[in-house]
Amino acid sequence: MLGTIRMRKVLMCCVVLTLVGACQQTKAYTPDLAPIPVRLESLSGAAVSASDFRVEKSNGESMRLRLEEQLRQAIPNARAAGDSTPPSVSVDVIEQRAYFTKGKWHGVTRLRAVVRTKDGRRLGPFDGVGESERFNSVGYTTAKRVGQDSYNAAIADLLSKLRSELR
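Residues numbered from 1 in each chain as written. Predicted model: local features only at pLDDT ≥ 70, side-chain atom pairs only at ≥ 80, totals over all residues. Heavy atoms only, no water.

(A) The arrangement of the packing of aromatic side chains in detail. This structure, assessed with the given rule, holds two aromatic pairs. Of the aromatic side chains, those joined through ring pairs into one cluster are Phe100, Trp105 and Tyr140. (Phe/Tyr/Trp six-rings, centres within 6.5 Å; stacked < 30°, edge-to-face > 60°.)

Rendered as structure tokens:
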């Protein structure tokens, strides 16, 4: 009888630990600028703007500002977002997060861009998607790294699509 009660307690502890371990945790960090030396010469002088359409915005305006800074690095003589005359590039953050499941951090970044050419034509949308994963080695530091990895991949994907379309 005592052995059966003890077995039930052990089994219950295992079930609880499994449920807690399988739960998902989400973090959002503002990534650093991606080290991508792409120059979009065909968009020289374009106005750049970014919008953040994520549901979970724990890093608020900083993600939008970081993306605008990234675009200004890629576009020579980029203008401020308030200038709406063509050419212009507008990029939306659809998703950017790191989440934890089963011992791994997963990162996902989704961006969408629309371009207005000098003659007023609308090109796009162009999607930039980045995904990554790392085993949880140092907790939230790993979450930040996986978020950076997915951002780097998404911005590289987006800039590559823009460059190939606008040649």
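Following the structure, the description resumes.
(B) Region of the structure containing the pairing of strand S3 (residues 88-101). The buried fraction of S3 amounts to eleven of the 14 residues, a majority that puts the element mostly inside the structure. Taken together, the three bridges between strand S1 (residues 25-27) and S3 define a ladder with antiparallel strand orientation. Paired with Gln25 across the bridge in S3 is Phe100. Of the pairings in the sheet, the one linking strand S2 (residues 47-52) to S3 comprises six bridges and is parallel in character. Pairing of Ser51 across the sheet is with Asp92, part of S3. Between S3 and strand S4 (residues 104-116), which pair antiparallel in sequence order, lie two residues; one of them, Lys102, sits at a positive phi of approximately 45°. (Buried < 20%, exposed > 50% of the residue type's maximum accessible area, 1.4 Å probe, protein only. Helix = DSSP H or I, 4+ residues; strand = E, 2+ residues; numbered from the N terminus. Pairing = 2+ DSSP bridges.)

(C) Highlighting helix H3 (residues 140-165). End to end, H3 covers 38 Å across 26 residues, agreeing with the expected 38 Å (1.5 Å per residue, within 8%). Turning to H3, its buried residues are Thr142, Ala143, Val146, Gly147, Gln148, Ser150, Tyr151, Ala154, Ile155, Leu158, Leu159 and Leu162. (Expected span 1.5 Å × (residues − 1).)

(D) Representation of the pattern of salt bridges in the model. Scanning the model with the defined rule gives twelve salt bridges in all. In this structure, Arg134 and Asp149 form a salt bridge, with 2.8 Å as the shortest nitrogen-oxygen distance. Of this pair, Arg134 sits in strand S5 (residues 122-135) while Asp149 is found in helix H3, placing the two residues 15 residues apart along the sequence. Take Arg134: its relative accessible area is 31%, and that puts it in the partly exposed class. Taken together, the shared-partner salt bridges connect Glu95, Arg97, Arg110 and Glu131 into one network. (Salt bridge = Lys/Arg side-chain N within 4 Å of Asp/Glu carboxyl O.)

(E) Main features of unusual backbone geometry. Cis peptide bonds are those with omega within 30 degrees of zero, and the linkage from Gly124 to Pro125 qualifies with 10°. The phi torsion at Asn77 lies on the positive side, around 55°, for a residue other than glycine. Within the fold, Asn77 resides in the loop between helix H2 (60-74) and S3. In this structure, Lys102 is a non-glycine residue whose phi angle is positive, near 45°.

(F) Structural detail: the pairing of S5. Judged from the twelve bridges that link them, S4 and S5 form a sheet pairing that is antiparallel. Within S5, the residue paired with Arg116 across the bridge is Arg122. The antiparallel hairpin formed by S4 and S5 contains five residues in its connecting segment, where Gly120 sits at a positive phi of about 90°.

(G) Structural context of the environment of Lys118. By the element assignment, Lys118 lies in the loop between S4 and S5. Residue classification places Lys118 among the exposed positions, given a relative accessible area of 66%. Linking Lys118 and Leu43, residues 75 residues apart in sequence, is a C-alpha distance of 8.9 Å. In this structure, Lys118 is in contact with Pro86 and Pro87, ignoring residues within four places of it in sequence. (Contact = heavy atoms within 4.5 Å.)

Geometric values such as these leave the question of function open.
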